[in-house]
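# Residue-level structural notes
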Amino acid sequence: MRSAGVLHADTEILVPFFDVDTMHVVWHGHYVKYLEVARCALLDKIGHNYNQMVDSGYAWPVIDLQLRYVRGAVFGQRLNVRASLVEWENRLKINYLITDADTGERLTRASSVQVAVEVSSREMQLASPKVFTDAVERMLR
């Protein structure tokens, strides 16, 4: 069973025409973009978004991304993309669930893992920077 996470953010996306193929189904690569939109909403909610990460001296590259497609989204469909924070102390792991916004039908599930890299030294950190873990802890209180 996938962890629901300790915090989550929901984002609605209306599938645009330029994201679909000739069968009007979303091309598989565009789902990554939808995950990024939801991840940004989650980081905004935590109060430590990508701009704040860079300002604190850290970049957070994605080192692992997994997607499981259940049913293809189609042109004009309203999607709900939920990003749920699962791990944050040593790495940033987020689980995602993409559902039809009207019916709740599950379309895709995914997860991403990011690690902190100190910008000045380009060294990967073995633990998340305190500035990030403090932001998460504030939200959990």
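In what follows, the structure referred to is the one given above.
None of the values given here were measured: they were computed from a predicted structure.

## Describing the sheet that holds strand β8 (residues 123-124)
If you trace the three strands from one edge of the open sheet to the other, you get β2-β7-β8, paired in antiparallel fashion. Both outer strands of the open sheet, β2 (58-59) and β8, are each paired with one neighbouring strand and no more. Bridge count between β2 and strand β7 (residues 117-118): two bridges; the pairing is antiparallel. Bridging across to β7, tyrosine 58 finds its partner in glutamate 118.

## Re a nonpolar patch on the surface
Among the surface-exposed residues, Val32, Val62 and Leu65 lie close enough to one another that they form a single nonpolar patch of about 200 Å² accessible area. Examined against the element boundaries, leucine 65 turns out to sit in strand β3 (residues 62-69). On the basis of relative accessible area, leucine 65 is assigned to the partly exposed category, the value being 34%.

## Focus on the pattern of salt bridges
It is possible for side chains bearing opposite charge to pair when their charged atoms get close. Overall, the coordinates contain eight salt bridges when judged by the stated rule. Notably, a salt bridge pairs aspartate 102 with arginine 78, separated by 2.4 Å at the nearest N-O pair. Pair noted here: aspartate 102 is in the loop between β5 (92-100) and β6 (106-114) and arginine 78 is in strand β4 (residues 78-87), with a separation of 24 residues, a long-range link. For aspartate 102, a relative accessible area of 57% gives the class exposed. One salt bridge in this structure joins arginine 91 and glutamate 87, with 2.7 Å as the shortest N-O distance. Since its relative accessible area comes to 29%, glutamate 87 is described here as partly exposed. A cluster of three or more residues bridged by salt bridges with shared partners is formed by Glu12, Arg78 and Asp102.

## Focus: the packing of helix α1 (residues 30-46) against helix α3 (residues 130-140)
Two quantities define a packed helix pair, namely the angle between the helix axes and the distance between the axes. Remark: α1 packs on α3, axes separated minimally by 9 Å, with the N-to-C direction vectors making an angle of 80 degrees. It follows from the interaxial angle that α1 and α3 lie roughly perpendicular. Counting all contacts with α1, which are made through Leu43, Lys45 and Ile46, the residues of α3 involved are Phe132, Ala135, Val136 and Met139. Taken together, the residues of the contact of α1 with α3 break down into six nonpolar, no polar and one charged.

## Topic: α1
Its 17 residues give α1 an end-to-end C-alpha distance of 25 Å, which sits within 8% of 24 Å, the value for a rise of 1.5 Å per residue. Three or more residues of α1 are buried, namely His30, Tyr31, Tyr34, Leu35, Ala38, Arg39, Leu42, Leu43 and Ile46. Just past α1, the residue glycine 47 takes up positive phi, approximately 90 degrees.

About the thresholds
Residues numbered from 1 in each chain as written. Predicted model: local features only at pLDDT ≥ 70, side-chain atom pairs only at ≥ 80, totals over all residues. Heavy atoms only, no water. Pairing = 2+ DSSP bridges. Helix = DSSP H or I, 4+ residues; strand = E, 2+ residues; numbered from the N terminus. Patch = residues over 30% accessible without salt bridge, like charges linked within 9 Å, V, L, I, M, F, W, Y side chains within 5 Å. Areas by Shrake-Rupley, 256 points an atom, 1.4 Å probe, with all protein chains shown as cover. Salt bridge = Lys/Arg side-chain N within 4 Å of Asp/Glu carboxyl O. Buried < 20%, exposed > 50% of the residue type's maximum accessible area, 1.4 Å probe, protein only. Axes fitted to C-alpha atoms, helices over the stretch in contact; angles between N-to-C directions. Parallel < 35°, antiparallel > 145°, perpendicular 65-115°, else oblique. Contact = heavy atoms within 4.5 Å. Nonpolar A, V, L, I, M, F, W, Y, C, P; charged D, E, K, R; others polar. Expected span 1.5 Å × (residues − 1).

What is shown is where atoms sit, not what they do.
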